[in-house]
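# Observations on the model geometry
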Amino acid sequence: MSRVRGRTLSKPKRITAWTVILLLIFGSWGGNLWYYRSMQLEEPLFLKSYVSMSAGHGRSLELVYLENRYGSKKVTGVQIDELPELSFTLSNWNNGTYQTVMKAYAGFNAQGEEPPIKSPVTVKEVTVFYSEGPPRKVPIGEITILPDSDVELVDFYSSMASSDRTGYNYGTMMKPAVLERIDFTYSDRLKPYLHLYLSDKPIESLKYPISKQKGDGLSLSYKWEIPLDNPMAYVDYQPECRLEFRLKDGQRVTQSFRINVNFNLTDEQMKRLVRSGGEPQ
Amino acid sequence: MIEITPPLSRAFRQLGWGFVFTLFNIFIFGVDILPDFIGYILIALALQEISRRLTFFNKAKWTSYVLIIVSLPEAFQGSGINLLHVNQNSLQLNLIPAALLLVHTLLVYWIFKALIAVAWTYELRDLRHITAIRGTFYLIVNVSMLILLPFLMNVTLIWAATLLPICALLSLIAEFLFLRLFYRYAKEYIGASVS
């Protein structure tokens, strides 16, 4: 037995080795548990959305929120009190390490039905229903929903939005008209980050009026450039592009279309959002 | 009168079978047909018999008693040795399997120490050498697993999907090499005496 002991570590060294091993094991478990808990949301977090849209056929409203990936408190329903007939569908958009980006969608009325609203509606809070606990009113930024207008001067027959946050809308003039102005909602805040082009020319460089005949093509493209670490990247802006025309009889007509955002958050952004308590600087 | 004490071959094989129970979890209709606590009972009985003649195994024997108790709740939970149990809504840290793995590693450490001591005593040079190498490998794998596994909570899915199969494979190799040793020791005339 003495030979056996001679080949192994001495008792103090054994005790030291096992102490170090146990400290590493318990340190790893404790540290990881603490960090995991620190990265959990107390409850689902609705991001601020800024939307100005008309309640026309095929238009849909989108709200983005984050919930813990393995948490038990999940969103089960969303309701706009001012528009209770709007029914939201919840869908998983992107899984992060700790959270999931979720989107709540609601579509407006089918073609031929009565328009859902007759005057503009501004929504700043929605009622959220949870799998645990009572429903709660949650601030969601500002959504302005305008009554659907029947104006259709441009027939937009093709549109595309890419995941690299670029897109286009192609249309044809249905009547002769003069284009007097192009802009987009929230342009005061979004101008540095959203670039709009008419036939590949930046809209800032256009010289109005631009005369268009019936059958003329209209090519509008856009490009989003929001740095991932910019606080603006955590706000879901859904601007509408507005085209202001003057008809031959002098009547002014504005036609608009939604500029697609393809809003998403990376895993890093989700972590940053949670660490900052929902308000990244 | 001459009394012949047979070797401990049967007890060593039983020890091997006990570890087979703890190594595999085979579920049929939701029931584990190789429950860990049965394995630890087999191990404890074998160690009881071995330690009557070879006192090197005393510490391992007492550790196996602890493991019978620690593994009992798992037999009722039926979750296997999953340190992290993930489903759609919850990620639970299963502390009992973690404690089980920790004490199991301690048991294997004591057994390795005892096996090396036996090999010295019976001058089984090759077996001692193999046991020492496998013991070191086993401890490195299991201690690394105990340290690394909690990181699965905080790494991305790609990392987890890479780390888990590697850990599982290394652990399986280490356990397999470990339990093969008992059948090699069973072939030697360990514990046999004539008085």
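These figures come from a predicted structure and were not determined experimentally.

Helix and strand counts for chain B come out as 6 helices and 6 strands. When its helices and strands are written in sequence order, chain B yields β-α-β-β-α-α-β-β-α-α-α-β. Long-range pairs, those at least 24 residues apart, make up 73% of the contacts in chain B with a sequence separation of at least 6. Looking at chain B as shown, the accessible area adds up to about 10100 Å², and 69% of this sits on carbon and sulfur atoms.

A word on the pattern of salt bridges. Residues and elements named next belong to chain A. Overall, the coordinates contain 15 salt bridges over all chains when judged by the stated rule. With its nearest N and O atoms 3.0 Å apart, the salt bridge here joins Glu180 to Arg246. Separated by 66 residues along the polypeptide, Glu180 in strand E11 (residues 177–184) and Arg246 in strand E17 (residues 240–246) bring together distant segments of the chain. A relative accessible area of 24% means that Glu180 is categorised as partly exposed. Residue Arg246 is classed as partly exposed on the basis of its relative accessible area, which comes to 30%.

A few words on the environment of Ala11 of chain B. Residues and elements named next belong to chain B. In this fold, Ala11 is placed in helix H1 (residues 9–23). On the accessibility criterion, Ala11 (0% relative accessible area) is buried. Placed 32 residues apart in sequence, Ala11 and Ile43 show a C-alpha to C-alpha distance of 8.9 Å. Residue contacts for Ala11: discarding those within four places in its chain leaves Ala46, Glu49 and Ile50.

Those places that UniProt annotates as "transmembrane region" (unreviewed entry) correspond, in this numbering, to residues 15–43, 64–84, 96–120, 132–152 and 158–179 of chain B. For the annotated span residues 96–120 of chain B, helix accounts for 100% and strand for 0% of the residues, and the straight-line distance between the end C-alpha atoms is 36 Å.

Further remarks concern the confidence of the model for chain B. On average, residues of chain B carry a pLDDT of 82, and 82% of them reach 70 or more. Mean pLDDT across the secondary structure elements of chain B bottoms out at strand E4 (residues 84–86) of chain B, with 53, and peaks at helix H5 (residues 125–148) of chain B, with 92.

Now for helix H2 (residues 36–53) of chain B. For H2 of chain B, built from 18 residues, the straight-helix expectation of 26 Å at 1.5 Å per residue is met to within 8% by its first-to-last C-alpha distance of 26 Å. Those residues of H2 of chain B that fall on the buried side of the exposure criterion are Asp36, Gly39, Tyr40, Ile43, Ala44, Ala46, Leu47, Ile50 and Ser51 of chain B.

On to the side chain of Ser9 of chain B. Residue and element names in this part refer to chain B. Tracing the backbone shows Ser9 in helix H1. Relative accessible area serves as the criterion here: at 14%, Ser9 is assigned to the buried category. Here Ser9 is in contact with Ala186 and Glu188, once residues within four sequence places are set aside.

All names here are of chain B. Contact geometry for H5 and helix H6 (residues 157–186): axes closest at 9 Å, N-to-C directions at 150 degrees. On the basis of the axis angle, H5 is roughly antiparallel to H6. Read as a crossing pair, H5 and H6 show a hand that is left-handed. Here the contact of H5 with H6 is built from residues that sort into 16 nonpolar, 3 polar and 4 charged.

We now examine a positive patch on the surface. A cluster of like positive charges, contributed by Arg13, Arg180, Arg184 and Lys187 of chain B, occupies part of the molecular surface. Within the fold, Arg13 of chain B resides in helix H1.

Okay, the packing of H1 of chain B against H6 of chain B next. Residues and elements named next belong to chain B. Relative orientation of the contacting elements H1 and H6 amounts to 165 degrees, with a least axis distance of 7 Å. Classified by the angle between their axes, H1 and H6 sit roughly antiparallel to one another. Every pair of crossing elements has a handedness; the one defined by H1 and H6 is left-handed. In this structure, H1 contributes Ser9, Phe12, Arg13, Leu15, Gly16, Trp17, Phe19, Val20 and Leu23 to the contact, and H6 contributes Leu172, Glu175, Phe178, Leu179, Phe182, Tyr183, Tyr185 and Ala186. A class-by-class count of the residues in the contact of H1 with H6 yields 13 nonpolar, 2 polar and 2 charged.

Once that is clear, we can look at the nonpolar core. Grouped together as the largest cluster of nonpolar side chains are 56 residues, with contacts concentrated most on Phe12, Phe19, Phe57 and Ile111 of chain B. Of all the secondary structure elements, the ones that give two or more residues to this core are helix H2 (11–38) of chain A together with H1, H2, helix H3 (58–77), helix H4 (95–121), H5 and H6 of chain B. In terms of residues, this core owes the most to one element, H4 of chain B, which gives 14 residues. Once you skip the residues sitting within four places of it in the chain, Ile111 of chain B turns out to touch Phe19, Leu47, Phe57, Ala60, Phe178 and Phe182 of chain B.

What counts, and where the lines are drawn
Residue positions are given per chain, counting from 1 as you read along its sequence in written order. Here chains are named by letter from A upward and ligands by number from 1 upward, in the order in which they appear as written. Local features in a predicted model are, by the rule used here, given only for residues with pLDDT of at least 70; side-chain atom pairs are given and counted only at 80 or more, and totals for whole chains, interfaces and linings are based on all residues. Note that the side-chain values use all heavy atoms of the structure and ignore hydrogens as well as water. Secondary structure elements are taken from DSSP: a helix is a run of H or I of four residues or more, a strand is a run of E of two residues or more, and numbering for both begins at the N terminus. Only heavy atoms enter the contact rule, under which two residues are in contact if any of them lie within 4.5 Å. Note on areas: Shrake-Rupley with a 1.4 Å probe; residue coverage comes only from the protein chains shown. One speaks of a salt bridge when a side-chain nitrogen belonging to Lys or Arg is within 4 Å of a carboxyl oxygen belonging to Asp or Glu. Each residue is assigned to one of three classes by its accessible area relative to the maximum for its type, calculated with a 1.4 Å probe on protein chains only: buried under 20%, partly exposed between the two thresholds, exposed over 50%. UniProt positions are given in the numbering used here, feature names are shortened, and annotations may be inferred rather than shown by experiment. Values of pLDDT, the confidence the predictor places in each residue, fall between 0 and 100. Each helix should span, by expectation, one fewer than its residue count multiplied by 1.5 Å. Here an angle of 0 to 180 degrees is reported between the N-to-C directions of two axes, which are lines fitted to C-alpha atoms, with helices fitted over the stretch in contact. Reported orientations rely on four angle classes, namely roughly parallel under 35 degrees, roughly antiparallel over 145, roughly perpendicular from 65 to 115, and oblique for the rest. Take the far helix as the reference: if the near one is turned anticlockwise from it by less than a right angle, the crossing is left-handed, and if turned clockwise, right-handed. Classes in brief: Ala, Val, Leu, Ile, Met, Phe, Trp, Tyr, Cys and Pro nonpolar; Asp, Glu, Lys and Arg charged; the others, Gly included, polar. Exposure above 30% relative accessible area and no salt bridge define the residues that can form patches, which grow by joining like charges within 9 Å and nonpolar side chains of Val, Leu, Ile, Met, Phe, Trp and Tyr within 5 Å. Neither His nor the chain termini are counted; the positive set is Lys and Arg, and the negative set is Asp and Glu. Every charge is mapped onto a representative atom, which is NZ of Lys, CZ of Arg, CG of Asp or CD of Glu. Put simply, a nonpolar core is a bunch of buried Ala, Val, Leu, Ile, Met, Phe, Trp, Tyr and Cys residues held in one set by side-chain atoms that sit within 4.5 Å of each other.

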